[in-house]
Amino acid sequence: MIRTGAYGERLGEFLRLEEAPPTLMTRSLRSTEIAVTETRNDNPVLGLSGSFAAEDAYLVSLKLRDYPECEIWEQGRHLTKADVHAGTTYLYDLKADPRYVIDKPLHSLHFYVPRSALDGLADQSGSRRIDVLDCQPVGHDDAIVRHIGASLREGLRRPDEANQLFIDHMMLGLTAHVAQAYGGFRHKAEARSGGLAPWQLARACDKLESDLGGKLPLPAIAAELGLSVSHFSRAFRAATGLPPYRWLLHHRVATAKRLMSARSASLSEVAISAGFANQSHFTRVFSAIAGVSPGAWRRDAMGAASRER
């Protein structure tokens, strides 16, 4: 059986890594696996990289380290040699058997985007499907890929803190950007016009509130409302001013404030009850949103309550 899916363990084997690299994955479009993998090796095994099984899919590679005189191969032939610079983005067509010579330390983020995800994006918006992505053997600066990559690296470092809503949102955004920038994809105007009915917004908020840990994926919420994932994400943001994962973070903080009003609950207990992975995660998110640490907020709140009595 031919193994497909150029991410995680298979990507590690391709680059001759000793251990499976960290990976985050979503199934936001047609239940298709879209993934991001961070690969790093300061002492690589020298030689030509491995080879992926040919499949109708793409790798979007964000380079995090300079790689001088990189020899790139396609379909068994030497294609080019060029200096690869940190911060640049490359696109690889997995039907062309992309490979390169490993002879220096490496560090990159790789987004795996299969054809079925691109088709699902087009079908959801009622737009024409993309023929091919423009895969030139030249790196370029893509600010959106860099931004999404920087956001997802936090999740790759702390996977227990990366809720599934956040991963779904970022990977959906990455897929849409790649489709637009390199495939000429355009959303139909009508797909952007519809909002959420009051009952849809109420049900969506209820679903988010019922799972403070953020394990419920975006497709499950969108399906309950009879909407595509991309339509739901846009409409929810239009209605609330926040994407679903950010709305959930704000709701967690509001829940934590209510819990901290009870003197008996420790901060670690509040963190878990409000859906955070641990107290450290709670402190970082709460401080970013509230502007003060949980402990400082609680002291101020308790002091205000005492003065009112």
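Our subject is the structure listed above.
Engineer: Looking at this structure, I do not really get helix H9 (residues 244-260). What am I missing?
Structural biologist: The periodicity of an α-helix, 3.6 residues per turn, causes residues three or four places apart in sequence to face the same way. Compared with an ideal rise of 1.5 Å per residue, which puts 17 residues at 24 Å, H9 spans 24 Å between its outermost C-alpha atoms and is within 8% of the ideal. Of the positions making up H9, those classed as buried are Pro244, Tyr245, Trp247, Leu248, Leu249, His251, Arg252, Val253, Thr255, Ala256 and Met260.

Engineer: Is there a simple way to explain the pairing of strand S2 (residues 32-41) in this structure?
Structural biologist: Working note: regular strand, side chains alternate between the two faces of the sheet. Most of S2 is tucked away: 8 of the 10 residues are buried. Connecting the antiparallel pair strand S1 (residues 23-29) and S2 is a turn made up of 2 residues, with Arg30 showing a positive phi of about 55 degrees. The pairing of S2 with strand S9 (residues 106-114) spans 7 bridges and is classified as antiparallel. Note on S9: the bridge partner recorded for Glu38 is Leu109.

Engineer: Can you help me understand the pairing of strand S8 (residues 99-102) in this one?
Structural biologist: As defined by bridge partners, strand S3 (residues 47-48) adjoins S8 across 2 bridges and the pair is classed as antiparallel. By the bridge assignment for S8, Gly47 is matched with Ile102. Examined bridge by bridge, strand S5 (residues 67-74) and S8 share 2 bridges and lie antiparallel to one another. Within S8, the position partnered with Trp73 by the bridge is Arg99.

Engineer: For this particular structure, what's the right way to read the sheet that holds S5?
Structural biologist: Hydrogen bonds between backbone groups are what pair the strands of a sheet, and the pairing can be parallel or antiparallel. Strands sit in the order S3-S8-S5-S6 across an open sheet of 4 strands; the sheet is antiparallel. Because the sheet does not close on itself, it has two edges, and the strands there are S3 and strand S6 (77-84).

Engineer: I tried to follow the side chain of Asp93 on my own but got confused; where do I start?
Structural biologist: For Asp93, the position within the fold is in strand S7 (residues 88-93). Here Asp93 is in contact with Ala57, Tyr58, Pro98 and Cys135, once residues within four sequence places are set aside.

Engineer: Which parts of the structure should I look at to understand the packing of helix H2 (residues 115-125) against helix H4 (residues 164-183)?
Structural biologist: Packing of H2 against H4 brings their axes to within 10 Å, and their N-to-C directions diverge by 85 degrees. The pairing of H2 with H4 is recorded here as roughly perpendicular in orientation. Facing H2, whose interface residues are Ala117, Leu118 and Leu121, H4 presents Leu172, Thr175, Ala176 and Ala179. Counted by class, the contact of H2 with H4 contains 6 nonpolar, 1 polar and no charged residues.

About the thresholds
- Residues numbered from 1 in each chain as written.
- Predicted model: local features only at pLDDT ≥ 70, side-chain atom pairs only at ≥ 80, totals over all residues.
- Heavy atoms only, no water.
- Helix = DSSP H or I, 4+ residues; strand = E, 2+ residues; numbered from the N terminus.
- Expected span 1.5 Å × (residues − 1).
- Buried < 20%, exposed > 50% of the residue type's maximum accessible area, 1.4 Å probe, protein only.
- Pairing = 2+ DSSP bridges.
- Contact = heavy atoms within 4.5 Å.
- Axes fitted to C-alpha atoms, helices over the stretch in contact; angles between N-to-C directions.
- Parallel < 35°, antiparallel > 145°, perpendicular 65-115°, else oblique.
- Nonpolar A, V, L, I, M, F, W, Y, C, P; charged D, E, K, R; others polar.

Scope: geometric values only; no functional claims are made or implied.
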